[in-house]
Amino acid sequence: MSSVHTELVDKFGVITLNREEKRNALSAELISDLVAALDFMKQSNVRAIILRASSKSKTWSAGHDVSELPRNNADPLRWSDPLEEGIRAINRFPTPVIAMVHGTVWGGACDLTFNCDLIVGDPTCAFAITPAKLGVPYNPSGIMHFLMRLPLNVVKEMFFTALPLNADRALQVGILNHLVSEDELEAFTYNLATHICTLSHHSISVIKEQARIIADSFSINTETWEYIQELRRRVYQGRHYHEGIEAFLEKRSPNFV
Ligand code: YXS
């Protein structure tokens, strides 16, 4: 059974995360299904996409599937990590992708929603980036996704506390484009997608791609890049990272001595 549902609604598509038993944790299989769904939507010439979870779920997504984080001293958020591939697939999709968020969003799923073009939430939504809970040295492109969206002090608060920002804070700091009631969430988001589909998708697609290219144009010199990778390597090959994952899998609190 696919871990995402797809539906075509008029000129837009709806992709629903469907791995409730693991709180929509973003496994390699779920990401593969998500990328396949995006390809299907591209073939169907949709003019917008809504990415959502079931309205019955308290969790939109629990983030990266922790059981799939590497423990062989490999970089947990390398270029080829499935979640990174999923993030790039959304970031590069030729039409607007709207995250419709009912429930809590954790870790890499927060990064995934930040790569959607718009986020519409209801009062149950909350956003937490949680590498500090696991000893994960987040990656430069991921941190850039946050810095492109939020003030530095808010990015630091999210990474340094690993605490969820609730719906009101998410609207206040700019994570959410719109905060609407639970009852209105679906109709509001679908109406927004319907409106976007009445406009020039040629114009919108080229503006989206220009915005991506310009946003990605930040450059780092080679020595700085090597320094960053050395800093990260010391962490993902260190004690905290392995303790963080073991503690999660053993359902206990980590001991970051
Ligand atoms: O014990 P079973 O087999 O029923 O499985 C449980 C959980 O182990 C599983 N599950 C996950 N499995 C893999 N990866 C996950 N991220 C994950 N989250 C949950 O789902 C089953 C039900 O979980 P349970 O009983 O905790 O559900 P709940 O409704 O009481 O609580 C829902 C959550 C989301 C509040 C809770 O599951 C939770 O706090 N999950 C972890 C959220 C999190 O810290 N995610 C960050 C993942 S690491 C990541 O995204 C990046 C690498 S980074 O660290 O850099 O941000």
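Residues numbered from 1 in each chain as written. Predicted model: local features only at pLDDT ≥ 70, side-chain atom pairs only at ≥ 80, totals over all residues. Heavy atoms only, no water.

If you check an unreviewed UniProt entry, the protein appears there as Methylmalonyl-CoA decarboxylase from Candidatus Chlorohelix allophototropha. Recorded in UniProt under Sequence similarities (unreviewed entry), the annotation for the protein is "Belongs to the enoyl-CoA hydratase/isomerase family." (UniProt positions renumbered as here; feature names shortened; annotations may be inferred.)

Before going further, it helps to spend a moment on the sheet that holds strand β6 (residues 104-106). On the basis of which strands lie adjacent, the open sheet formed by four strands has the order β4-β6-β8-β9 and mixed pairing. Two strands close off the open sheet at either side, each with one partner strand: β4 (59-61) and β9 (165-166). Pairing of β4 with β6 involves two bridges; the strand directions are parallel. Each bridged residue has a counterpart across the sheet, and for S61 the counterpart in β6 is V105. (Pairing = 2+ DSSP bridges. Helix = DSSP H or I, 4+ residues; strand = E, 2+ residues; numbered from the N terminus.)

Moving on to helix α6 (residues 152-161). When we look at burial in α6, the residues that qualify are V154, V155, M158 and F159. One face of α6 carries all of its buried residues, which in axial projection span an arc of 130°. The exposed set on the far side of α6, more than 90 degrees from its buried face, consists of N153 and F160. Looking at the buried side of α6, the elements it contacts are α3 (108-114), β8 (126-128), α4 (131-134), α5 (140-147), β9 and α7 (167-173). (Buried < 20%, exposed > 50% of the residue type's maximum accessible area, 1.4 Å probe, protein only. Arc of directions from axis to C-beta. Contact = heavy atoms within 4.5 Å.)

What follows concerns the sheet that holds strand β7 (residues 118-121). Read from one edge to the other, the open sheet built from six strands follows the order β1-β2-β3-β5-β7-β10, with strand pairing classed as mixed. The open sheet has two edge strands with one neighbour each: β1 (4-9) and β10 (178-179). The pairing of strand β5 (residues 97-101) with β7 spans four bridges and is parallel. Across the sheet, residue V101 finds its bridge partner in β7, namely G121. Strands β1, β2 (12-17) and β3 (48-53) of the sheet are contacted by helix α1 (residues 28-43), whose axis makes an angle of about 15° with β1. (Axes fitted to C-alpha atoms, helices over the stretch in contact; angles between N-to-C directions.)

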